[in-house]
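A closer look at the structure
Spelled out from the first residue to the last, the chains are:
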Amino acid sequence: MSPRLPTRRADWRLLARTVRLVLSIPVYAVLSVVAAVLALSVFVFSQNIPLVSFALTGSIPLDARLTILLERYPFLGTDFGTLTGLALLAVAGLTGVDIAMVTYHVREHGLSVEQGGGSAVGVVLGVLGAGCAACGSAILVGVLSLVGATGLLTALPLEGLEFSLLAAVVLVLSLYWLADGMRGGRINGCPVDIGR
């Protein structure tokens, strides 16, 4: 049986309620924030590894190191435009929530491999889509060249933002499938049971 897509209002209510209930537990809320910050850090630092390496190991003052590292983040530096910065923050936030939900589900209900697969795909797409067509797509060029499809990258209308948007969609689907898998259980004392 293939997984259902969230097409009804009840599906979106189930997702929102389950996320709210899981994140109302302080340990999972903190885990979500920490995971989101770590995901965002991986996304932005992976775009310029030599510069990040220099900031961490070079013989420069601490304030210069911090400036170099902080300017890699959206809205703190100039590396990302507004739309790309918002997409990165959304993917990082969704990654954090997804990791908290997966952790909750594993600890409280058990989790099958097929339910957790979407989470990993979303994180990988988030890393690919973190920067721009030149950065995120560079990794994809090798894969696409195996099937002779490298010319497709030049046709991207959003200049690589498609990878971040695709990552967000995959992460939202992963969250929905996790919420659907928790249906009938109890989170923070509340039953999660919204009609199918």
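First, a word on scope: everything that follows refers to the structure included in this document. (Residues numbered from 1 in each chain as written. Predicted model: local features only at pLDDT ≥ 70, side-chain atom pairs only at ≥ 80, totals over all residues. Heavy atoms only, no water.)

What about the overall build of the protein chain?
The line we're drawing: Comment: elements are numbered from the N terminus, with helices defined as DSSP H or I runs of at least four residues and strands as E runs of at least two. Burial here depends on accessible area, computed with a 1.4 Å probe over protein chains only, as a share of the maximum for the residue type. Under 20% is buried, over 50% is exposed, and the range in between is partly exposed. In what follows, a contact means two residues having at least one pair of non-hydrogen atoms within 4.5 Å. Only the protein chains shown count as covering a residue, and every accessible area follows the Shrake-Rupley method with a 1.4 Å probe.
Helix and strand counts for the protein chain come out as eight helices and two strands. If you list the helices and strands of the protein chain from N to C, you get α-α-α-α-α-α-α-α-β-β. Among the 196 residues that make up the protein chain, the fraction classed as buried is 43%. When contacts within the protein chain are restricted to residue pairs at least 6 apart in sequence, long-range pairs at least 24 apart make up 71% of them. A total of about 10,500 Å² of accessible surface is found on the protein chain, and carbon and sulfur atoms cover 69% of it.

Quick word on the nonpolar core
Operational definition: Here, the term nonpolar core denotes a set of buried Ala, Val, Leu, Ile, Met, Phe, Trp, Tyr and Cys residues that are joined through side-chain atoms within 4.5 Å.
With 31 residues, the main nonpolar core has Met101, Tyr104 and Ile187 as its most contacted residues. Looking at this core, the elements with two or more residues in it are α1 (9-23), α2 (26-45), α5 (82-108) and α8 (161-181). No other element matches the nine residues that α5 contributes to this core. The contacts of Met101, once residues within four sequence positions are left out, are Thr18, Val19, Val22, Leu175, Leu178, Ala179 and Met182.

Brief notes about the side chain of Asp11
Among the structural elements, Asp11 can be located in helix α1. Other than its neighbours up to four places away in sequence, Asp11 contacts Arg4, Leu5, Pro6 and Tyr176.

Some words on the packing of aromatic side chains
The test is simple: Side-chain rings of Phe, Tyr and Trp (the six-membered ring for Trp) are treated as a pair once their centres are within 6.5 Å; stacked means planes under 30 degrees apart, edge-to-face means over 60, and tilted covers the remaining angles.
One pass over the structure, following the stated rule, counts two aromatic pairs. Geometrically, the ring pair formed by Phe45 and Tyr73 is edge-to-face, given 5.5 Å between the ring centres and 70° between the ring planes. Note that Phe45 is positioned in helix α2 and Tyr73 in the loop between α4 (62-70) and α5, a separation of 28 residues in sequence.

Overview of the side chain of Ser174
As a reminder of what qualifies: Here a polar contact is taken to be a pair of N or O atoms separated by no more than 3.5 Å, where protein atoms must pair a possible hydrogen donor with a possible acceptor and residues adjacent in sequence count only if both atoms sit in side chains.
Among the secondary structure elements, Ser174 is positioned in helix α8. Judged by its relative accessible area of 1%, Ser174 is buried. One polar contact links Ser174 to Asp98, side chain to side chain, over a distance of 3.1 Å.

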